[in-house]
Amino acid sequence: MRSVDRRWGWASLGSVVVVVSLLSACTGPVVRDYPPSPDISVWMVGDSLASGTAADMVPRPYAAGSPAAGFTTYPPSMVIDTATVAIEAFGAPETMLVMAGVGDTPRAPTEESIAGMEEFVAAMEPYRMRIIWVAEPGYTLAEKLEPLSQWMFGQPESIDCRFHKGTSTDGVHPFDYTPISRCVSARLVEMGVEFTVPQG
């Protein structure tokens, strides 16, 4: 199995899909478990919003979301660690959805957050996955998240779900994940992303 140099030493296991989103200030609702096997071809990594979005998607990706995860050293956990631990345990998926950033914005300068996102891209490069960034609505943090969203839109592939949000429970998390999850699912179909499980 391929592996990368883990510089952060975080040891939590989860599912992965590369949907990078900008919502990491995640001290919100506890997200549920995800039935999909890590063998599925699409993973989603990020914060609690990534986990909540993945749980409501049809079909569902394998999710590795950690509450308050971010791209800098400020949040209690790092998206790069979550993804790396899962890949080392199960092997890399074909497609990774990445969704996080809210945890960084209250404290980290924009330049530092973007530098962390670039570091994530570099760390995932050896796995040759298709990485798709997902921009989140942000609610009360929308203005601070905008530079991170614009960076995502400059990457090879991204999904803009900033305006599919409904209401929020706490200014960060949506009351209902359906608008965001439907937005992501619809865009994946348009992008030709298929959810498959190896046979045999």
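Presented here is a report on the structure given in the accompanying data block. Note that the structure is a prediction, hence the values are computed from the model and not measured. (Residues numbered from 1 in each chain as written. Predicted model: local features only at pLDDT ≥ 70, side-chain atom pairs only at ≥ 80, totals over all residues. Heavy atoms only, no water.)

1. A look at the pattern of salt bridges
Logical step 1: For the coordinates displayed, the defined rule picks out four salt bridges.
Logical step 2: The shortest N-O distance in the salt bridge between E157 and R130 comes to 2.5 Å. With E157 in the loop between α4 (142-153) and β6 (158-160) and R130 in strand β5 (residues 130-135), this pair connects stretches of sequence that are 27 residues apart.
Logical step 3: Overall, R130 belongs to the partly exposed group, its relative accessible area being 27%. (Salt bridge = Lys/Arg side-chain N within 4 Å of Asp/Glu carboxyl O. Helix = DSSP H or I, 4+ residues; strand = E, 2+ residues; numbered from the N terminus. Buried < 20%, exposed > 50% of the residue type's maximum accessible area, 1.4 Å probe, protein only.)

2. Section: the state of the cysteines
Logical step 1: Here the structure, examined in full by the defined rule, presents one disulfide.
Logical step 2: The residue that forms a disulfide with C161 is C183, at a sulfur-sulfur distance of 2.1 Å. When the S-S torsion is -90°, as for the bridge of C161 with C183, the disulfide is left-handed. With a gap of 22 residues between them, C161 in the loop between β6 and α5 (178-190) and C183 in helix α5 connect regions that are remote in the sequence. (Disulfide = S-S within 2.5 Å.)

3. Let's talk about the layout of surface pockets
Logical step 1: Considering only enclosed or pocket space, the largest pocket measures out at about 210 Å³ in volume.
Logical step 2: Every residue along the wall of the largest pocket is listed here: V121, M124, E125, R128, M129, R130, I131, W133, Q155, P156 and E157.
Logical step 3: Elements that contribute at least two residues to the lining of the largest pocket include exactly α3 (110-124) and β5.
Logical step 4: Per element, the largest residue contribution to the lining of the largest pocket is three residues, and it comes from β5.
Logical step 5: Residue composition of the lining of the largest pocket, by class: six nonpolar, one polar and four charged. (1 Å grid on protein atoms, 1.4 Å probe; cavity = no way out; pocket = protein on both sides within 12 Å on 5 of 7 lines; lining within 4 Å. Points joined across faces, edges and corners; volume = space filled by probe spheres on them. Nonpolar A, V, L, I, M, F, W, Y, C, P; charged D, E, K, R; others polar.)

4. Description of the packing of aromatic side chains
Logical step 1: For the structure shown, the criterion picks out six aromatic pairs.
Logical step 2: For the pair Y62 and F90, a centre-to-centre distance of 5.7 Å together with 85° between the ring planes defines the contact as edge-to-face. Here Y62, found in strand β3 (residues 62-65), pairs with F90, found in helix α2 (residues 79-90); they are 28 residues apart in sequence, far enough to count as distant.
Logical step 3: Classification of F90 as partly exposed rests on a relative accessible area of 35%.
Logical step 4: Following the ring pairs from residue to residue traces out a cluster consisting of F71, F120, W133 and W151. (Phe/Tyr/Trp six-rings, centres within 6.5 Å; stacked < 30°, edge-to-face > 60°.)

Keep in mind these numbers describe shape, not what the thing actually does.
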